[in-house]
Amino acid sequence: NYRFNAANSAKLWAEYIPSFDDSKDYQTNAEISLNSTLSDIFSFKVGFLTKTDNKPVPGAEKTDTTLTTALIAKF
């Protein structure tokens, strides 16, 4: 997590998921997101997630990406 100022922050996370049966069949996930406070209640979040499967099933893509946006309300 990195806080730019009181209203804006960024987050980066990554994970490695091994396979104990086949060392070449691993998965990785990583996401970066930005969060901006709009008011005392609302904030806006945008994120980019990447999921990679080193040995996908036949016909499946090796990498999947997702762009997300969210309006978050805190009560």
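Please read all numbers here as calculations on a predicted model, not as lab measurements.

Chemist: Hey, could you go over the environment of Leu-12 for me, with residue numbers and the actual values?
Modeler: One can find Leu-12 in strand β2 (residues 8-17). Between the C-alpha atom of Leu-12 and that of Ser-43, which follows or precedes it by 31 residues, the distance is 18 Å. In this structure, Leu-12 is in contact with Glu-31 and Ile-32, ignoring residues within four places of it in sequence.

Chemist: Kindly report on the packing of aromatic side chains, identifying the contributing residues and their values.
Modeler: For the coordinates displayed, the defined rule picks out 2 aromatic pairs. Arranged with centres 5.0 Å apart and planes meeting at 80 degrees, the rings of Tyr-2 and Phe-4 form a pair that is edge-to-face. Assessed through its relative accessible area of 48%, Phe-4 is described here as partly exposed. A centroid spacing of 5.5 Å and a plane angle of 40 degrees characterise the contact between Tyr-16 and Tyr-26, whose relative ring orientation is tilted. Of this pair, Tyr-16 sits in strand β2 while Tyr-26 sits in the loop between β2 and β3 (27-37); the two residues are 10 residues apart in sequence, bridging distant segments of the chain. The exposure class assigned to Tyr-26 is partly exposed, which follows from its relative accessible area of 28%.

Calculation notes
Residues numbered from 1 in each chain as written. Predicted model: local features only at pLDDT ≥ 70, side-chain atom pairs only at ≥ 80, totals over all residues. Heavy atoms only, no water. Helix = DSSP H or I, 4+ residues; strand = E, 2+ residues; numbered from the N terminus. Contact = heavy atoms within 4.5 Å. Phe/Tyr/Trp six-rings, centres within 6.5 Å; stacked < 30°, edge-to-face > 60°. Buried < 20%, exposed > 50% of the residue type's maximum accessible area, 1.4 Å probe, protein only.

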